[in-house]
Amino acid sequence: MSEVTTTTTATDAATTATTTDALAATTTETGGANPATTQVETTPTTTTTTENVETTETKPEVLLGGEQPPAEQPIQYTEFTMPEGYSMNPDDSKVLQELGQQFKMPQEAVQKLVDLGVQMQQRQIQEQQKTILSWLDAAKADKEYGGENLEKNLLTAQRAFSLPRGDEISKILYMSGLGNHPAVIGFMTEVGKLLEPDNMTHGRGTNTANVAPAAVWYDKS
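Remember, it's a predicted structure, so these values are computed and weren't measured experimentally.

Focus on the layout of surface pockets
Alright, step 1. Considered as a void within the structure, the largest pocket measures approximately 320 Å³ in volume.
Alright, step 2. If you go around the largest pocket, you meet 16 residues; those closest to its centre are L154, Q158, G179, N180 and I185.
Alright, step 3. For the lining of the largest pocket, the secondary-structure elements that each account for two or more residues are α3 (107-140), α4 (150-157), α5 (166-176) and α6 (182-194).
Alright, step 4. Considering only residue class, the lining of the largest pocket consists of eleven nonpolar, five polar and no charged.
Alright, step 5. Size it by volume and the second largest pocket reaches roughly 150 Å³.
Alright, step 6. In terms of lining, the second largest pocket is formed by M82, S87, M88, N89, D92, V114, G117, V118 and Q121.
Alright, step 7. Here the lining of the second largest pocket gets four residues from one element, more than from any other, and that element is α3.

Notes on α6
Alright, step 1. Compared with the 18 Å implied by 1.5 Å per residue over 13 residues, the 19 Å span of α6 between its first and last C-alpha is a close match.
Alright, step 2. Taken together, the buried positions of α6 are P182, I185, G186, M188, T189, V191 and G192.

Overview of the environment of S162
Alright, step 1. As for its position among the elements, S162 is in the loop between α4 and α5.
Alright, step 2. In this structure S162 comes out as exposed when scored by relative accessible area, which is 55%.

Let's talk about the pattern of salt bridges
Alright, step 1. Counted according to the given criterion, the structure contains three salt bridges.
Alright, step 2. In this structure, the salt-bridge partner of K130 is E127, at a minimum N-O distance of 3.9 Å. Of the two residues, K130 and E127 are both situated in helix α3; the distance of three residues between them amounts to about one turn of the helix.
Alright, step 3. Between K193 and E190 there is a salt bridge, and its shortest N-O distance comes to 3.7 Å. Of the two residues, K193 and E190 are both situated in helix α6; the distance of three residues between them amounts to about one turn of the helix.

A few points about a nonpolar patch on the surface
Alright, step 1. Residues V95, L99 and F103 make up a contiguous nonpolar surface patch of roughly 270 Å² in combined accessible area.
Alright, step 2. Topologically, F103 is positioned in the loop between α2 (90-102) and α3.
Alright, step 3. What makes F103 exposed here is its relative accessible area of 54%.

Conventions and cut-offs
Residues numbered from 1 in each chain as written. Predicted model: local features only at pLDDT ≥ 70, side-chain atom pairs only at ≥ 80, totals over all residues. Heavy atoms only, no water. 1 Å grid on protein atoms, 1.4 Å probe; cavity = no way out; pocket = protein on both sides within 12 Å on 5 of 7 lines; lining within 4 Å. Points joined across faces, edges and corners; volume = space filled by probe spheres on them. Helix = DSSP H or I, 4+ residues; strand = E, 2+ residues; numbered from the N terminus. Nonpolar A, V, L, I, M, F, W, Y, C, P; charged D, E, K, R; others polar. Expected span 1.5 Å × (residues − 1). Buried < 20%, exposed > 50% of the residue type's maximum accessible area, 1.4 Å probe, protein only. Salt bridge = Lys/Arg side-chain N within 4 Å of Asp/Glu carboxyl O. Patch = residues over 30% accessible without salt bridge, like charges linked within 9 Å, V, L, I, M, F, W, Y side chains within 5 Å. Areas by Shrake-Rupley, 256 points an atom, 1.4 Å probe, with all protein chains shown as cover.

As structure tokens, this is what we get:
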């Protein structure tokens, strides 16, 4: 019989040793020859997405400080419109503008106040004219100085205007309408009678011809 000789090279021995070490490192013997399975525990990773999360910041209220409001500018008013025949006193215009500034009224609102004032004045004039007309009717109906004797008595009353400041009294009676009042007409008629030529002599001799009409009117003798 022939002998079979097995030759192991150094390289083969090294490879075998390396393989054996690797198996030993990964295999743990438990209660015998049965190898146990190696378990690797893994920790789950949680990923948080912030795309759908809304963050609202609330600024607290601050009473003082910060940006200051702009200073208020005064309202500029133009000349107010007045109807024909009417004019506004400068002092009244100043008062209206001051009221407008105080209550923040625009030009149109203040103009309405001006229009209201004009309307009130017009109504006052109308009422005054009605009163003057009522005096005229009363004078015409007066039993003593009116009626058929009204024209004659008015001519007599005109003599009173020849007294000092008679022209001024005449203008006042005309402008105020009091020249229509029956009491004024009656009074002026009596004064006019005192100024008639026949009533100028009071028993003082010839010197009374030079007595002033006013002295005769106020003569108490």
